[in-house]
Every structure is written in structure tokens, then in C-alpha cells.
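# Coordinate inspection notes
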Amino acid sequence: MMSPRRPSVLARTLALVFSAHFAVMAGAADWTAFRGSQGDGASPETGVFPDSGDMSLRIRWKRPLGSAYSGIVASGDRLLTLYSDGTDDVLIALDATTGTTLWQQPIALTYVGHDGSHTGALATPATGSGLVSALGPRGELVTARVETGEIVWRTHLERDHRVRKPHYGFSASPRRFGDVLVLPLGGQGRAVAGFDVHTGALKWKAATDAVTYQSPIAWPPDDPHAVVVAGNTFLYRLDARDGSVLWQHPHEGYGTRGAYSLSPVPAGPGRLLLAHRDDGSALIELDPASHTVTRQAATRQDVTRQDVTTVWESRSIRNSYALPVYHDGYFYAYSNRFLTCVNAESGESRWRSRAPGDGFPILVDGHLVIQTKQRGLHVARATPKGYEERAALPLFSDHSWTSPSFANGAIYSRSFSEIARIEVAAGPTELPLETSTAPPGRLITELEERLRDAESSEAILDDFLGSHPNSPIVEGDAAHFLYRGPATDVALAGDLPGARREWPMTRLGDTDLFYRSVSLPRDSVISYLFVVDYQPTVDPRNPQRVTSTVYSSEFEPVSHGALEMSWFAMPDATLLDTTSPDDSQSQPGPHGTLTQETLASQVLDRELRLEVYRPPGYDDDGSRRYPVVYLFGGHGALEHGGFPEVLDGLIGNSVQPLIAVFIRSDGFGNLGNFAEMFASELVPFIDSKYRTRASSQARTSVGMGWEALTAAYCTLKRPGIVGNLALQSMYALTAPEGGPPAWLGHADQQPLNIYLDWGKYDLRNSHEAWSMAEDSRRFFEAMRERGYAPVGGEVNAGAGWASWRTRTHRWLEQLLPLEPPD
């Protein structure tokens, strides 16, 4: 019997005929720059996909390739891109048919990822007339011969042109306009520049604006010299021949996923979509006289805002680095992590879809070709009727953060470790895509079996949920998250998936019950939310609530959030009490008191609000002096961590009496100034007003989450002021090369008692290469290397007050244990 996974001879024959047929029909075209020849993410090739019938995606070849974001461009039978080999950032040429290396040219030392970025180049090369130009993240701009890899010229943006490197490195993708290579630079009179593609000579520079990560497009398509490019403030159209600014428009955008990475998307004659804000987009239309303006009109003073009309502004496309594509009156874009179709006339969303997952779309032959961050490649019709997937393929073993390319009848895509050529073939995809749904466990399996033969699912569900009133339901080391209610799409968000992500939940049969089963350590403490039809929703079956200060409503990582979430603890977790941190009951026994203080800081040139906790018995013994704990981000500790109640419960039992100073975070701004204020003003202020032990050994700096960095910096930057340091879930900014910060110091210079712990499920996003847990672990090891002896380590918890609060006793008992009686 023939294996069901092995195609028949007939099927293979049809596949060959199918591939040949569509290769012939397609109008071959190179993919010459970032998002294609025009920069609109669209291929001009047609006849690529059949109108009806089965189709599939087949890997022609796949091979390893080092880390980078750089897209793939095609020039004839050659593919060109940038990658890191671990030592250098390298420009490489591959044979498009076989994937073999034809040549490679190192351009600079590898740019190491930091603060959420992966290692390697960010910009996509540009090709034309037998040359390829590429920009490395350190500022090396090179042009080489496509045939041989011979470097024709090179220049350095920082060294030769005094252009400041953006935080994540140079990432604007150059674009060819005839013999001119156009590239945004940023600065006074040089927002955009044109280089002679044959010599590297600077031909012109124009406009004044800051530039971050924007790339130019060719628009309108009927003018081969027309450049449209955004800066941080303005949108410009220029003539690529001499840099004449034909018009400019203040786009009024902001944000890293908005203005700072803005590339306009053409939307028909005279119209451009600007995904210019983190929380929204706008469609603008240029008056005919403006978008056909001649170079002679560039001196006019009125070719500015009055020539541009805002057709609509909307939140329907927002909060994504992925650039939209336009087709037949509709935009297809990512809004948050969801694929959406938006009416170009009104800005209203026609549909949203969790499938195929967060990714990057291009448009080919009336279809969306999408590379997801989760390794899959998908093809779906570009239709306002809904998401209609026609083929999918599990492609890579690593995450991807690069738009696919389409050239000469084939799809080219890459991840952070591989690159592949994919072709369209007949028949269904042979291999199923990976799913992230965990085994449901005995309870859910038995419930499914009961429902299968039941006449009434309502009664069975009522009985099951009535028998398990606590949510989530714990079965061994599994937690079953359950949501019941009318919904089309339900997902689990929070500590488990991490920032900017959700895990889809499974509908149980045709009922209104959705579930997700997760294996967890038995001592875990987790905060979570359901996302019900794209709206965050607390678990209605779990009364335990906490206010998250690290998540926004769209699961963005934020430093001052206020998102209500559900929380729960596995059976073996250690809890200080059974109440919610946002609904703390008064502890029995003696209580401390809170006093409000205001420090008029000359260093900060503003007032600093403080609350000071005095321990039980402070007023009864006027001679006793106390150690002091300084809590950075003290508003969270007070409002969401219930710290006065926690201290009341610990002092006298396992922790010595202490004074706690809650420093309200109103935006610390310059850390250097804040460290100076802390050492020269705040500590003396508290010592003068309260009975403190005025020595470094009796002072402790404490920070959780974002404030952990502030606590560490203020302690380590001014040695000798504080002798104890407690940090939880630290987010530590790294140097561009990934090393420890220079201010870390050494134990010989500043003896410190250090406690640092972090959660296994701390705030993180694997797609973006950042993690509080990894930052904390690196900081922990860096301190060991500097001679310190930190204690603590990883715990089975997430980021936020639901878990930080349960761990408070650990650092207090370590740093300020109860003194033995005399």
C-alpha cells in the first residue's frame, strides 16, 4: 500500500505541469529594493496563483543564513541580502535557483542586538544596472558589482558625513532612482541625500528633519525620478536628480511603530496611507496640482499643507511594525497582532483575523503572501469578504522578522537563521502547520466525551463548571483556563504568552466554552486576561484581581500601566495572605503609619512626592533608630502591592522594624540627575526628619520592573550611600554591544548586599529579543563577575504586583532579618 504522505506519480506530474504553467504565465520581474521596485510591497507579476482549485507551497531549497532583519532582493538569477556570520555583517549573493553562495563581502563588524533587537543588519539592499548598494547598521554604505561582489565604493555615514546613528543602528533602506542612490540621513539641510551610484559622491542633500528608521518609496509610479520619504516630522516629495523639494507636509505622527519607522503606502492616484502613529493611521490626498508639481514650482512657498487633505484618521491600522499593502480599494494590514482589511475610502475595518498570526504581508497576483513571526508562510486571497487562506507552510525553525520577497515566479523568505525559496505547486500542502495548543488533560477529554453523545450541552457544561467553581481549574501540574460566553475568537494573554502576544483558545465542540490547557510548576503565580473578540476581559469565574503596571490594554509593555488583570496561584505557591493585592484586608496586630512628605529638589528643579512608613512602636520609643528602605516606584508598591499591610505582617515576625520611603514615579527623566538628587538631597532629608541609622549598611534601595534599573543606578552610581540592594524583574538597558553598563562598578569599590530575583514568566517578547528574565539573569551574572555575591534567582512567576508581592518576604528576610533578642 502506498504511504498516504507520498504523492502519486499522477500527482507529481500534475505538480510539475502546474508549476511550469504558472511560471510561463507570470511576467518575470526583479525585486530590486525594500518592499519591491516601487516600495509598495506589491509585485507586478500576474498568473502566479490559480483562480480556483487546490494549490500548495513547496520548498525548492532552504539553507542556513546568519541573523539579520535585512530583506532579500533579486537581480536576474541572483539574490542579495545582508547577514551576520558572528564576526562581520556580510553582503551575500546567492544563486536564486539552488541557494548556493556565489560570493560574500564583509562590510563591517557585526552589530550586536540590544534592548529588544536581534543581531545583524536591518536595512535591505537596492539593485540596478549590475550594482547592489547596502547600508550596514554601523553606517557603512557600500556598492558592489552584482556579478562578482567587487566593492566599487564605500563611505561611512557617521565618520564621513557626521550622521548620528539611531539607537538600534542605521536601518533606512536605500533606493535607486536611475544613477542616484537616495537615502534618508537626518539633520539640518540633509534630511534626505542622493549619492552617485557609480562613485559614491554626494550629489545633493535636502530638507531639514530628524530621521530614525524611515525608508523612501518611488511615487507616483509614472514619474521615474519621484521620491517620497518621511522624516520624524514631515513628509517630503523630492526630485531624485537634484534633490529639489517639490512639497512637504507635516504628518503629525509619533512613536516607534509610527513616525519613526514610517514608509508611506500608495493607495491609488494622489493618495498615501500614513501609519504614522502607534495608535492610528491616516489617509491623505494631494491636490492634482500638488502631486504633479514640476521642479520649477519647488520654490513656491505655498506647496505645503494646504495642498494635502486628510481623507480620514482611524485606529483601524495601528501598533505594528508591519507595513500595509493596498489592493482594489482596500488595505490589508496588521493592527496589533491581527490581520485586518480596511476600506480605503472610509478607514473602517471590514474584517479582522487572528490567523495566520502576526507577520509581514506583501501583495502578489491578488493574493497576500505573509511571513509570520512564528515561522509559517501563508498565501490568502486579498478580498474584503474575509480571511481566505489558500496555502500554508511551516517554513523555519527560528523566528522571522522580515517581509517576504517575490521575484520571477518564486517567493523568497528568511528567518534569523535560515533563508529559503518557495514555489507554488498543485495539491494541498503536505505538512500541517504547527499548533501551539497543549494536550487538554483528563478533565477536558472526559468533558468532550460527555458532550459528544449528549442531547443538551448546556446542562453538561453547567454541571461541569458547577463542580469546578475555581478558575483556572488545576489538574496535577496543568491549569485549564476556561471562558464561557458568546464569542467568535477567544485567546489567553498576560504572563504566559508575554508582551504583544496571545495564545488562541480552543472552542469545545459547538458549545460556547473555550479552553486552553497549560503545564505549570506547582508553585507558580500568574497574571492573565482573556481576549474575547479582540477585547481584553478579566476572567469572570475568578474573583482575584490585580492592577498591572507593566501592561497596557493591548499588552504593550509600559512603565506606568493600570490594566486590571486576573491572577491565580498554583497549589504550592507561597502567599502572604489570601487577599488580592488590590483589595487587601487589614492585618491583625499592630500597624505602622504613613506620613506624606514633599522634597523641594534643587537638582531636579521640582518637588518630589514621598510617603514614609513608620513601623509599629515608632512613637513609643523616642530613642530607637531604624534602617531605611527606599522603594523606587513607590506609588505602585502602595497602590497595587499593599506594602504597608505586607510590612505590618512581616515586621517583628521575620523582619526587623524599619522605615520605608515610597518614592513616587512621576517620570524620573535623566537618571544621572535623579541619582545626584537621591544621594545629595533625599537621603539627607530623610535622615534629618526621621530616627534613622545614618549609615550605608542600614540603607536599602529597592526597585521592581522598570524601577529596578533606577534603584540599581542610583545605588551603584554613587558608592558609599547605600549598602543593600533589592531588585525584582529587572529591565536593564544594555550597551549597544550587549555588555554590562559602565556604571556597574566593582565590589572592591562598593561592598553591597544584593538580592535579585526574576520570574520565569516575566515581561518578554521572544520575537523582539527582549526579556526581563534574561536581563535580570545577565545582570546577576555581571555582578558576580564584578566581585559581588548576589542571592535570589529565578522563581516561577510573572511580572507585576500579584507575584512581586508574594516575594517581598524573600528580600526583606535576606537583607533585614529579624535581629535576635539581646
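For the structure, see preceding data.
These numbers come from a predicted model, not from an experiment.

### A closer look at the overall build of the protein chain
- Broken down by element type, the protein chain carries 12 helices and 53 strands.
- Across the 822 residues that make up the protein chain, the buried fraction comes to 60%.
- Carbon and sulfur atoms provide 49% of the accessible area of the protein chain, an area that totals close to 31,800 Å².

### Examining the layout of surface pockets
- Approximately 1,200 Å³ is the volume found for the largest pocket.
- Grouping the amino acids of the lining of the largest pocket by side-chain chemistry returns 21 nonpolar, 16 polar and 6 charged.

### Here we look at the pattern of salt bridges
- Summed over all chains, the structure comprises 42 salt bridges.
- One salt bridge connects Arg442 with Glu475, and the closest N-O pair in it is separated by 3.6 Å. Taken together, the positions of Arg442 in helix 4 (residues 441-452) and Glu475 in strand 34 (residues 473-475) put the pair 33 residues apart, joining distant regions of the chain.
- The salt bridge involving Glu458 is made with Arg484; its shortest N-O contact spans 2.8 Å. With Glu458 in helix 5 (residues 457-467) and Arg484 in strand 35 (residues 478-484), this residue pair connects regions lying 26 residues apart in the sequence.
- By relative accessible area, Glu458 is classed as partly exposed at 42%.
- Because the salt bridges share partners, they merge into one network encompassing Arg257, Asp278, Arg500, Glu556 and Glu768.

### Topic: unusual backbone geometry
- Following Trp219, the chain continues to Pro220 via a peptide bond in cis, the omega torsion being 0 degrees.
- In this fold, Pro220 is placed in the loop between strand 15 (217-218) and strand 16 (226-230).
- Of the consecutive residues Ala355 and Pro356, the connecting peptide bond is found in the cis state with omega at 5 degrees.
- Positionally, Pro356 belongs in the loop between strand 26 (349-353) and strand 27 (359-364).
- A positive phi angle is found at Ala207, which is not glycine, with a value near 70 degrees.
- In this structure, Ala207 sits in the loop between strand 14 (202-206) and strand 15.
- We classify Ala207 as buried; its relative accessible area is 16%.
- The phi angle at Ser729 is positive, at roughly 50 degrees, despite the residue not being glycine.

### Some remarks on the sheet that holds strand 15
- Spatial ordering of the open sheet is given by 15-16-17-18, a layout of 4 strands whose pairing is antiparallel. Both outer strands of the open sheet, strand 15 and strand 18 (245-250), are each paired with one neighbouring strand and no more.
- Sheet topology places strand 16 next to strand 17 (residues 234-239); 5 bridges connect them, and they run antiparallel. Bridge pairing in strand 17 places Val229 opposite Tyr236.

### Things to note about the environment of Leu658
- Structurally, the position occupied by Leu658 is in the loop between helix 7 (643-650) and strand 47 (659-663).
- Spatially, the C-alpha atom of Leu658 lies 7.1 Å from that of Arg614, the residues being 44 residues apart in sequence.

### Side note on the packing of aromatic side chains
- Going through the model one piece at a time under the given rule, you end up with 29 aromatic pairs.
- Three or more aromatic residues joined by ring pairs make a cluster, and in this case those are Tyr69, Tyr321, Phe360, Trp401 and Phe416.
- Against the face of Trp401 rests Lys373, its NZ or CZ located 3.9 Å from the ring centre.

Procedures and definitions
Residues numbered from 1 in each chain as written. Predicted model: local features only at pLDDT ≥ 70, side-chain atom pairs only at ≥ 80, totals over all residues. Heavy atoms only, no water. Helix = DSSP H or I, 4+ residues; strand = E, 2+ residues; numbered from the N terminus. Buried < 20%, exposed > 50% of the residue type's maximum accessible area, 1.4 Å probe, protein only. Areas by Shrake-Rupley, 256 points an atom, 1.4 Å probe, with all protein chains shown as cover. 1 Å grid on protein atoms, 1.4 Å probe; cavity = no way out; pocket = protein on both sides within 12 Å on 5 of 7 lines; lining within 4 Å. Points joined across faces, edges and corners; volume = space filled by probe spheres on them. Nonpolar A, V, L, I, M, F, W, Y, C, P; charged D, E, K, R; others polar. Salt bridge = Lys/Arg side-chain N within 4 Å of Asp/Glu carboxyl O. Pairing = 2+ DSSP bridges. Phe/Tyr/Trp six-rings, centres within 6.5 Å; stacked < 30°, edge-to-face > 60°. Lys NZ or Arg CZ within 6 Å of the ring centre and 35° of its normal.

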